[in-house]
Every structure is written in structure tokens, then in C-alpha cells.
Amino acid sequence: MENSQYEERRQRVAAALPERKLDCLLVAFSPNLRYLSGFTGSNGALLILAERSILFTDPRYRTQAAQESTCKIRVAKGALVLDLVATLGKLGVKRIGYEPARMTCDAFESIKSRLPLRASLEPVTGWIEELRMVKSTAELALIRRSVETNSRAFEQTVARVKPGMRERDLATELEYRMRRLGAEKPSFETIVASGVRSALPHAQPTAARLTKGDLVVVDMGAFQEGYASDMTRMLSVGAPNAKATRMYRAVLEAQLAAIDAVRPGVTTVSVDRAARRVLAGYGLDHCFIHSTGHGLGLEIHEPPRLGKRDRRRLSPGMAITIEPGAYIEGFGGVRIEDTVVVTESGCEILTPTAKELHVV
Ligand code: GLY
Ligand code: MN
Ligand code: MN
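Bear in mind that the values here come from a model prediction, so they are computed numbers and not experimental data. Counting starts from 1 at the beginning of each chain's written sequence and moves along it residue by residue. To read the labels, note that chains go from A and ligands from 1, taken in the order they are written. Only residues with pLDDT of at least 70 get local features here, since the model is predicted, and only at 80 or more are side-chain atom pairs given and counted; chain-wide, interface and lining totals rely on the full set of residues. Excluding hydrogens and water, the side-chain values take into account all heavy atoms of the structure.

Trainee: Just checking my understanding: could you explain the coordination of the manganese ion (ligand 3) for this structure?
Mentor: Put simply, the ideal angle at a metal is 109.5 degrees for four donors in tetrahedral geometry and 90 or 180 degrees for six donors in octahedral geometry. Coordination shells were defined by N, O and S atoms within 2.8 Å of each metal, extended to 3.2 Å for Na, K and Ca; water is absent from the atom set, which can make sites look incomplete. Within the protein, Asp230 (OD), His294 (NE2), Glu323 (OE) and Glu337 (OE) serve as the donor atoms for the manganese ion (ligand 3), at 2.0 to 2.2 Å. Classification of the site at the manganese ion (ligand 3) as irregular follows from its 6 donor atoms and the range of 53 to 155 degrees in their angles at the metal. If you list the donors of the manganese ion (ligand 3) from N- to C-terminus, the spacing comes out as D-x63-H-x28-E-x13-E. Separating the manganese ion (ligand 3) from the manganese ion (ligand 2) is a gap of 3.3 Å, bridged by Asp230, which donates to each. Residue Asp230 is located in the loop between strand E11 (227–228) and strand E12 (231–236), and its partner Glu323 is located in the loop between strand E15 (319–322) and strand E16 (325–328); the two are separated by 93 residues in the primary sequence. Assigned by exposure class, Asp230 and Glu323 land together as buried. All geometry calls rest on donor angles, where a four-donor set with angles between 85 and 135 degrees is tetrahedral, four- and six-donor sets with opposite donors more than 155 degrees apart and all others between 65 and 115 are square planar and octahedral, and all else is irregular. Only runs of H or I of at least four residues qualify as helices and only runs of E of at least two qualify as strands under DSSP, and these elements are numbered from the N terminus. Residue burial is assigned from relative accessible area. The probe radius is 1.4 Å, only protein chains are included, and a residue is buried under 20% of its type maximum, exposed over 50%, and partly exposed in between.

Quick look at the structure:
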């Protein structure tokens, strides 16, 4: 990512400080910190003021911070918070915005107890997340690459899957391949759930072996250059039975209907409803127990959410997942998930992997 992009983002935040009646904004939550500074270290805090930004970190990240960010950098000798508070005192700032949803009570108390009397911590919720929702062209290129890596890892692995393989070994193979193809790491713990366990939407892989007659949920994602991908595909060990085939068709139709509903200006709940309506036609709506999708980017789950109670309107440049599912306890489950990007006229499906039930 170009440094100018981080600088523009900080300028945008700095320019909006007065309307929020803030003298500065303090950002320590890693995805927001990275979004605004480029810094990827595990310990940092960014102070955005009207005229400049200061990035606080510790000696381990001195070199890395200077390489990654054009912010003025302060390397703390001891705890970051001491340096930070000393700087806040010297600058004489009064109203300090902070992210309560992203800060521990401990950090909050530690800063608050050391601030000069005239200074106050003012809660700011969702501001940077709001900015992050609409992706730039450069961010979309990174998400596209992450999606491609993820799909290639899936395709290379599935070509070698055999009945009798353990869920855990399949998950390991998927993660190994995504790293070989350029990912830093999985964007969440890879889900491989077979047989009745496929009815658990967020199952962890076990030592269970893929057995004839099993449906297998494979839900996987990569982080590549910091950006997430997310995809779910289904395997069937041997030919699926009539009930599994019908469930698969229902979820696929629901997924296609939801994708069809994605366009700028529509509410997220209307996309969710499009999926639920199809499943209701199959009598399976009560088996769909999570939301239809979520935004993704520097986090695997970020706004907007596409659920029953989410009324945000979609805008071009939002990267979201579409992932309806149906889960029947004691039988199994089906989920199909793509990463898509909202365009001026609808959406583009980034995930290139075919959506038929892969029989192994
Ligand atoms: N496995 C996480 C998700 O699909 O959202
Ligand atoms: Mn997923
Ligand atoms: Mn997802």
C-alpha cells in the first residue's frame, strides 16, 4: 500500500476532529492502527492531532515502524502509556478521543489516572471501522489476491482428498497450501466438519475420518498482505443422498438469491431476507441460524453485518461475504460462502471456485 494512502486517511480523520469536538484521536486497536499508519507491529498507539500524527511503539519495533510508516515515531523506554500520557500533557490537549470498544479497562484506567485534570477521554465508537467499510482500489486488489490464494489452496487440496482422511489433516493441508501460495496465515481457524458435525456452524476439525455418506463443510480463509478472504465449500464423501442433495440445492439457491440482491443502496437486511425467503420455500429457514454475511478486510469479520437486524445500506467498494447455511442436528449441515464486492450496478463475485458439491 502506498504511504500516501495512509497519509490521506489520517488527514481525513484530522480534518473531522473539530466537528467531533476532539483535539486528538488515540488509536491502539491493531487493524485501525494499521489502516491509519501502515504499522503492523503488535504494540503501538497512534495519536492523530490536527497538524500531525505520532506513532508510539517500543524498541522492538523501532526499525519496522520507520520502514512501515511516515508518522513521527516515538519509541518508549518503558510502558507506552507513560510516554503517551507525557506527550498528551506536553501538548496540552483537552478532549482526547479513544475507542472504548477496542481498549481494555486496564489501559483506559491507566491513561485516565495519569491525565492532567483538564484533559478528558471522550468515547468514539465505530468511526475508523466506518471508514474501513468502503475499500480503496488498492485494498480490493489485495482482497482479490487473498481470495485467489485461498481458492487455489482449496482446489489443490481437494484434488488429493480421499475418504478416510482425518478432518484435522485436511485442515492442516489447506493451511499449508495457503501459506505456500503466499498467505501469511489463515484468517480464522479453518473449519472442516464432517457427517453430523457439519451441523455445527463453527466446528473445529477433529480426528474424525471422512466417511462414505458424509457431508463435509470446509470453511477457510487467508490473510495475505493483511487482507482477509473467506470461502465455504461442501464436499460429499461418495454420492450424496436425496436429503443432502435437496439441502444443498436449497442453500445454493439461497446463496444465489442473496448475491442477486446485492447492489448499492439496498439494506443489508434485504440481502439477508433474500436468502431466508428461498430457504423458507424449502421449509429450511429455521435451520439457518446465523447471518447471511459480513464485511471483511483487515479483519475477517468487520462491518457491515448482513443479518436480520442490520439496516445499513450497501455502497460500491464494500467487500462482504454471502454465506447462508442450513443445519440439521443429528444429520448434517450445508453452507456455501463467497467473497463479493459491491459494484456500481450490483456485485462482483471474487471467489473463483466452482460451487457444485465436490464428491470425493
Ligand atoms: N468462518 C467464519 C465465517 O465464515 O464467517
Ligand atoms: Mn467462512
Ligand atoms: Mn464468513
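Alright, that's what it looks like, and here's the rest.
Trainee: How should I be thinking about the sheet that holds strand E7 (residues 185–186) in this particular structure?
Mentor: A pair of strands is labelled paired if DSSP reports no fewer than 2 bridges between them. Within the open sheet, the 3 strands sit side by side as E7-E10-E11. Their pairing is antiparallel. A strand with exactly one partner marks an edge of an open sheet, and here the two such strands are E7 and E11. One ladder, built from 2 bridges, connects strand E10 (residues 222–224) with E11; its direction is antiparallel. What sits directly across from Phe223, in E11, is Ala228.

Trainee: Help me understand the layout of surface pockets, please; the structure alone is not making it clear to me.
Mentor: It is a probe the size of a water molecule, rolled over the atoms, that shows where empty space is left. Buriedness of a pocket was judged along seven lines, with at least five required to meet protein on both sides within 12 Å; pockets are open sets of points on a 1 Å grid over the protein atoms alone, cavities are sets where a 1.4 Å probe fits but cannot get out, and lining residues have an atom within 4 Å of a point. Grid points are joined across faces, edges and corners, and a volume is the space filled by probe spheres set on the points. The calculated volume of the largest pocket comes to roughly 370 Å³. Taken together, 20 residues make up the lining of the largest pocket; nearest its centre are Ala28, Asn43, Gly44, Met103 and Ala107. Residue polarity is assigned by list, with Asp, Glu, Lys and Arg as charged and Ala, Val, Leu, Ile, Met, Phe, Trp, Tyr, Cys and Pro as nonpolar; anything else, Gly included, falls into the polar class. Looking at side-chain class alone, the lining of the largest pocket contains 11 nonpolar, 7 polar and 2 charged residues. In this structure, the second largest pocket encloses a volume near 300 Å³.

Trainee: I keep staring at the sheet that holds strand E2 (residues 44–49) and nothing clicks. Help me out?
Mentor: Within a sheet, each strand pairs with its neighbour through backbone hydrogen bonds, oriented either parallel or antiparallel. Taken in spatial order, the 6 strands line up as E4-E3-E2-E1-E5-E6 in an open sheet, and their pairing is mixed. Each edge of the open sheet is held by one strand with a lone partner, namely strand E4 (72–75) and strand E6 (120–123). Across this sheet, the average inter-strand angle for adjacent strands is 25 degrees, counted without regard to direction. Contacts are assigned to residue pairs that have any heavy atoms within 4.5 Å of one another. As a rule, the C-alpha atoms of each element are fitted with a line to give its axis, helices using only the stretch in contact, and angles between N-to-C directions run from 0 to 180 degrees. Across the sheet, helix H2 (residues 30–37) lies against strand E1 (24–27), E2 and strand E3 (53–57), angled at about 50 degrees from E2, the strand it touches most. Across the face of the sheet, helix H4 (residues 80–91) comes into contact with E1, E2, E3, E4 and strand E5 (95–98) while running at roughly 155 degrees to E3.

Trainee: Looking at this structure, how should I read the nonpolar core?
Mentor: Taken as a class, soluble globular proteins show a tendency for nonpolar side chains to be buried jointly. Here, the term nonpolar core denotes a set of buried Ala, Val, Leu, Ile, Met, Phe, Trp, Tyr and Cys residues that are joined through side-chain atoms within 4.5 Å. In this structure, Val13, Leu25, Leu36, Leu46, Leu55, Trp127 and Ile128 are the most contacted members of the largest nonpolar core, which totals 38 residues. Of all the secondary-structure elements, those providing two or more residues to this core are helix H1 (3–15), E1, H2, E2, helix H6 (127–133), helix H7 (137–158), strand E8 (191–194) and E11. In terms of residue count, the dominant contributor to this core is H7 (4 residues). The residues touching Leu55, leaving out its near neighbours within four places in the chain, are Leu33, Phe39, Ala45, Leu46, Ala65, Ser69, Cys71, Lys72, Ile73 and Arg74. The next biggest cluster of nonpolar side chains, apart from the first, holds 36 residues, and it includes Ala244, Ala254, Ala258 and Val266.

Trainee: Teacher, can you tell me more about the packing of H7 against helix H8 (residues 167–180) here?
Mentor: What describes two packed helices is the angle between their axes and the distance between those same axes. Two elements in contact, H7 and H8, have axes separated by 8 Å at closest approach and are oriented at 135 degrees. By the criterion of interaxial angle, the relationship of H7 to H8 is oblique. Helix-helix and strand crossings are classified by hand; for H7 and H8 the assignment is right-handed. Contact residues: Thr149, Asn150, Ala153, Phe154, Gln156 and Thr157 in H7; Leu170, Glu173, Leu174, Arg177 and Met178 in H8. Classifying every residue of the contact of H7 with H8 by side-chain character gives 5 nonpolar, 4 polar and 2 charged. In this scheme, roughly parallel covers angles under 35 degrees and roughly antiparallel covers those over 145, while 65 to 115 is roughly perpendicular and the rest are oblique. Crossing chirality is assigned from the near helix's rotation relative to the far helix, an anticlockwise turn below a right angle marking it left-handed and a clockwise turn marking it right-handed.

Trainee: Would you mind showing me how to read unusual backbone geometry here?
Mentor: Most peptide bonds take the trans form, and the phi angle of most residues other than glycine is negative. Looking along the chain, the bond that leaves Pro303 and enters Pro304 is cis, with omega of 5 degrees. Mapped onto the elements of the fold, Pro304 is located in strand E14 (residues 302–306). Even without being glycine, Lys21 reaches a positive phi, approximately 55 degrees. With respect to the helices and strands, the residue Lys21 is situated in the loop between H1 and E1. On the accessibility criterion, Lys21 (58% relative accessible area) is exposed. Unusually for a residue other than glycine, Glu225 sits at a positive phi of about 45 degrees. On the secondary structure map, Glu225 appears in the loop between E10 and E11. Residue Glu225 is classed as partly exposed on the basis of its relative accessible area, which comes to 35%.

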